[in-house]
Amino acid sequence: MFRGATQSAAVLVLVLLGGVIVSLIHGSGPSIRAFGFGFLTTQTWNPVTEKFGALGAIYGTVVTSLIAMLIGIPVSLGIAVFITELCPPWLKRPIGTAIELLAGIPSIIYGIWGLFVLAPFLQAQVQPVLIALFKPIPGLSTIFAGPPYGIGTFTAGIILSMMVLPYITSVTRDVFQTVPAVLKESAYGLGCTTWEVVRHVMLPYTRVGVIGGIMLGLGRALGETMAVTFVIGNAHRIAGSILAPGTTISAAIANEFAEAEGGLYTSALIESGLILFVITFLVLSAARLLLQRAEQKAQR
Amino acid sequence: MSFFRKTIKRGLLLGGAAALVIPAAFAADISGAGATFPYPIYSKWAATYKDKTGIGLNYQSIGSGGGIKQIKAKTVSFGATDKPLETKELDEAGLAQFPAIVGGVVPVVNLKGIAPGELTLDGATLADLFLGKIKSWNDPAIAKLNPKVKLPPTLVAVVHRSDGSGTSFLFTNYLSQSSPEWKDKVGAATAVEWPAGIGAKGNEGVSGIASQTDGAIGYVEYAYAKQNKMTYTKMINKDGKTVAPDSQAFQAAAANADWANAPAFYLILTNQPGPTSWPITGASFILVYKKAEDPATLLKVLKFYDWAFKNGQKAADELDYVPLPDKVVDLVEASWKANIKDAGGQPLWK
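The structure displayed is predicted, hence computed values, not measured ones.

### A closer look at the packing of aromatic side chains
Then step 1. Inspection of the entire model under this criterion finds 31 aromatic pairs over all chains.
Then step 2. Aromatic side chains B:Tyr42 and B:Tyr305 sit 5.7 Å apart centroid to centroid with 80° between the ring planes, which places their arrangement in the edge-to-face category. Taken together, the positions of B:Tyr42 in helix H2 (residues 39-53) and B:Tyr305 in helix H12 (residues 295-311) put the pair 263 residues apart, joining distant regions of the chain.
Then step 3. Here B:Tyr305 falls in the buried class, since its relative accessible area comes to 0%.
Then step 4. Judged by centre distance (6.3 Å) and plane angle (45°), the ring pair of B:Tyr305 and B:Phe309 falls under tilted. Here B:Tyr305 pairs with B:Phe309, and both are found in helix H12, just four residues apart, close to one helical turn. Each member of the pair, B:Tyr305 as well as B:Phe309, is classed as buried.
Then step 5. Against the face of A:Phe257 rests B:Lys69, its NZ or CZ located 5.7 Å from the ring centre.

### Observations concerning the domain arrangement of chain B
Residue and element names in this part refer to chain B.
Then step 1. Looking at the assigned domains, one finds that chain B contains domain 1 (3-103 + 282-339) and domain 2 (105-255).
Then step 2. Of the residues lining the interface, 13 residues belong to domain 1; the matching set on domain 2 comes to 13 residues.
Then step 3. Of the roughly 1200 Å² buried where domain 1 meets domain 2, counting both sides, 65% is carbon and sulfur surface.
Then step 4. The largest contributions to the domain 1 side of the interface with domain 2 come from Lys83, Asp320 and Val322, which together make up 41% of the buried area.
Then step 5. Counting the contacts that link domain 1 with domain 2 gives one salt bridge.
Then step 6. Two residues, Asp320 and Lys226, come together in a salt bridge whose shortest N-O distance is 2.9 Å.

### Quick look at the sheet that holds strand E10 (residues 242-243) of chain B
Residues and elements named next belong to chain B.
Then step 1. Here we have three strands laid out as an open sheet, ordered E5-E9-E10, and mixed in their pairing. Both outer strands of the open sheet, strand E5 (120-121) and E10, are each paired with one neighbouring strand and no more.
Then step 2. Where strand E9 (residues 234-236) and E10 come together, two bridges link them in antiparallel fashion. Bridge assignment links Met235 to a residue of E10, and that residue is Val243.

### A closer look at the interface of chain B and chain A
Then step 1. With 34 residues of chain B at the contact, the number on the chain A side is 30 residues.
Then step 2. In this assembly, chain B packs against chain A so that about 2300 Å² is buried in total across both faces, 51% of it on carbon and sulfur atoms.
Then step 3. By the criterion of area lost to chain A, the three top residues of chain B are B:Glu193, B:Lys201 and B:Gln212, representing 25% of everything that side buries.
Then step 4. Linking chain B with chain A are zero salt bridges.
Then step 5. Inspection of the region where chain B meets chain A yields 10 residue pairs in polar contact (both at pLDDT 80 or more).
Then step 6. Those elements giving two or more residues to the side of chain B that touches chain A turn out to be helix H3 (64-72), strand E7 (198-200) and helix H9 (202-212) of chain B.
Then step 7. Partitioning the side of chain B that touches chain A into residue classes produces 12 nonpolar, 16 polar and six charged.

### Digging into the sheet that holds strand E8 (residues 216-221) of chain B
Strand pairing in a sheet takes place through backbone hydrogen bonds and is either antiparallel or parallel in direction.
Residue and element names in this part refer to chain B.
Then step 1. If you trace the eight strands from one edge of the open sheet to the other, you get E2-E1-E3-E11-E4-E8-E6-E7, paired in mixed fashion. Edge strands, defined here as strands with exactly one partner in the open sheet, are strand E2 (57-60) and E7. On average, each strand axis in the sheet is tilted by 25° relative to the strand beside it, whichever way the strands run.
Then step 2. Judged from the three bridges that link them, strand E1 (residues 30-34) and strand E3 (residues 78-81) form a sheet pairing that is parallel. Looking across to E3, one finds that Gly32 is bridged to Phe78.
Then step 3. Strand contacts of helix H5 (residues 123-131): strand E4 (95-110), strand E6 (157-161) and E8, with the helix running at about 115° to E8, the strand carrying the most contacts.

### Here we look at the nonpolar core
For soluble globular proteins, nonpolar side chains are generally found buried alongside one another.
Then step 1. The biggest cluster of nonpolar side chains holds 89 residues, and the ones touching the most others in it are B:Tyr42, B:Trp45, B:Phe98, B:Leu126, B:Phe130, B:Ile217 and B:Tyr305.
Then step 2. In this structure, this core is formed jointly by two domains, domain 1 (3-103 + 282-339) and domain 2 (105-255) of chain B, each of which donates at least three residues.
Then step 3. Ignoring sequence-local partners within four residues, the contact set of B:Phe98 consists of B:Phe265, B:Ser284, B:Phe285, B:Ile286, B:Val288, B:Leu302, B:Tyr305, B:Phe309, B:Val332 and B:Trp336.
Then step 4. By size, the runner-up hydrophobic cluster in this structure holds 78 residues, among which are A:Phe176, A:Met215, A:Leu218 and A:Leu276.

### Remarks on the packing of H2(B) against H12(B)
Residues and elements named next belong to chain B.
Then step 1. At a minimum axis separation of 11 Å, H2 and H12 run at an interaxial angle of 100°. Taken together, the axes of H2 and H12 are roughly perpendicular relative to one another. Mapping the contact onto sequence places Tyr42, Trp45, Ala46, Thr48, Tyr49 and Lys52 in H2 and Lys303, Phe304, Tyr305, Trp307 and Ala308 in H12.
Then step 2. For the contact of H2 with H12, the class distribution of residues is eight nonpolar, one polar and two charged.

### Remarks on unusual backbone geometry
Then step 1. Despite not being glycine, A:Asn234 shows a phi value in the positive range, around 50°.
Then step 2. Mapped onto the fold, A:Asn234 is located in the loop between helix H10 (226-231) and helix H11 (249-256).
Then step 3. Although it is not a glycine, B:Lys74 sits at a positive phi angle of roughly 60°.
Then step 4. Its place among the elements puts B:Lys74 in the loop between H3 and E3.
Then step 5. A relative accessible area of 46% means that B:Lys74 is categorised as partly exposed.

### So, the side chain of A:Ser31
Then step 1. Relative to the assigned elements, A:Ser31 resides in helix H1 (residues 2-35).
Then step 2. With relative accessibility at 0%, the residue A:Ser31 sits in the buried group.

Quick notes on the rules
Residues numbered from 1 in each chain as written. Chains lettered and ligands numbered in written order. Predicted model: local features only at pLDDT ≥ 70, side-chain atom pairs only at ≥ 80, totals over all residues. Heavy atoms only, no water. Phe/Tyr/Trp six-rings, centres within 6.5 Å; stacked < 30°, edge-to-face > 60°. Helix = DSSP H or I, 4+ residues; strand = E, 2+ residues; numbered from the N terminus. Buried < 20%, exposed > 50% of the residue type's maximum accessible area, 1.4 Å probe, protein only. Lys NZ or Arg CZ within 6 Å of the ring centre and 35° of its normal. Domains from an automatic or database assignment. Contact = heavy atoms within 4.5 Å. Buried area = accessible area lost by both parts, 1.4 Å probe. Salt bridge = Lys/Arg side-chain N within 4 Å of Asp/Glu carboxyl O. Pairing = 2+ DSSP bridges. Polar contact = N/O pair within 3.5 Å; in protein donor to acceptor, adjacent residues only side chain to side chain. Nonpolar A, V, L, I, M, F, W, Y, C, P; charged D, E, K, R; others polar. Axes fitted to C-alpha atoms, helices over the stretch in contact; angles between N-to-C directions. Core = buried A, V, L, I, M, F, W, Y, C linked by side-chain atoms within 4.5 Å. Parallel < 35°, antiparallel > 145°, perpendicular 65-115°, else oblique.

Right under this line is the structure:
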């Protein structure tokens, strides 16, 4: 009886997942037939002439998540290490609670805060400095080209990094706490610095958990909708500069699905949802593969 | 203790009253879904109508596209759309269409030292601004229309809606009529491939970004611009006259339009003639089945709108919507009589 109940709960997930995939593929049928592979390689998104390509949204999804991870991972790991190793005991609880509260804030609040507080601040204080700083360096000067709109891919990445922070932090903090005290004490006893203990004892011991936390955060960053919609500028264009407006797949769907007229438009939006599904799947399986490789190496 | 007891007593009384009222209301409710633009006025009308008649209206503002899908799937008694359907699509689905409320779209700017209504634009200049062709505010094209205004050399920052919306449809439709280049390159729809600028979600997003960005130009619904005291521009209309956006100007556009000769009321109120007509005006439409499967409910829908046309003007004014002009109401009700039939083929509306 109990076995049957748990089993059917597990099967239900598979059925749901299968149902989602089938209906996504079915819904994107007209768009796949009309645009074929070109859907992935063009960035035209014209509802009037019904010419659609998702490259702009795919690019925006990947770049915003990348920025979020570049900022989010070091900061989260830093917080987790601080809490488990360096923090005075009376400060542990407040920091831990604050991190967990961050996870509870609805994404629309992040979006509105981003639009009304963060974006004007970045526009006035941060972006002009970045533009001036990187101007003489070829390559970086294109990535940080003006004008400073305040909102754009860069701002979306920053908001996302704040949103993934609690996920990565709480998972890594928990796994850091599983490191046996004996291991750490012996490393300290050998004269290791805190950095050396973290680098050579804690991280190798908790590798699987840490990567799991990062993947959880990345999953959130790839799929986040509302907060991104508010601050990314929603342009289906690929700009060289990360300060320019862009869009992500989930933002485009949230923006346009309600008023999408005609089968092809709706279908193109569904197909971009399918692509997001595939991207997330690829990222997760890549992470699994990475972990397996690392474990095999460790066993040898 | 006595305070507690009182509270509990009151709670029980209220609960009892609600239990008595709710079943009755559920039985008589009509349901609709669609456009977000008229949602505030429909829900205000619905509340007043329910007080008067006991018949409630459950309106889901899920967007025009959603409204069209829902009425075609017959999950609601009526659909609402900001963009009228063409006769062919109506006939295929067996639907009738009529306008219910009028509103307007207003360009808004953020320029230091420019007061609301100080700046005047025309359709061609507005299109060039949104095409990204006019780069700075002291451009000769703008200066020519505003000889008395001291224009700053600020760069133009275009802000448009990122979500599909009837507001964008009216705006792009007007730009298409005013500029051949806009018509060729961009066209008119609830969402288009914007050649320039930043996309923001909803009126609040557009106004948020516009108010933060020096040199911004965007467009919002009139009610939103008025209630938030935004810096709107005047427009030069089809007759070459300069008009300010207000309810008289929208009503003039609605009254001057040639409704009588528009099949199924397919009429977009942009760029209408008349010296006082605001050029970016639009009506929001209701979709119902011509041959009702449930004539009693359909009749309730028609009665609700009949009541709203005749008694809802004040509520519309308060919310900065524009009620339909009387002669348009007459045309709408005549079309009900002619087109909407019960199961036996008799006119439902008498």
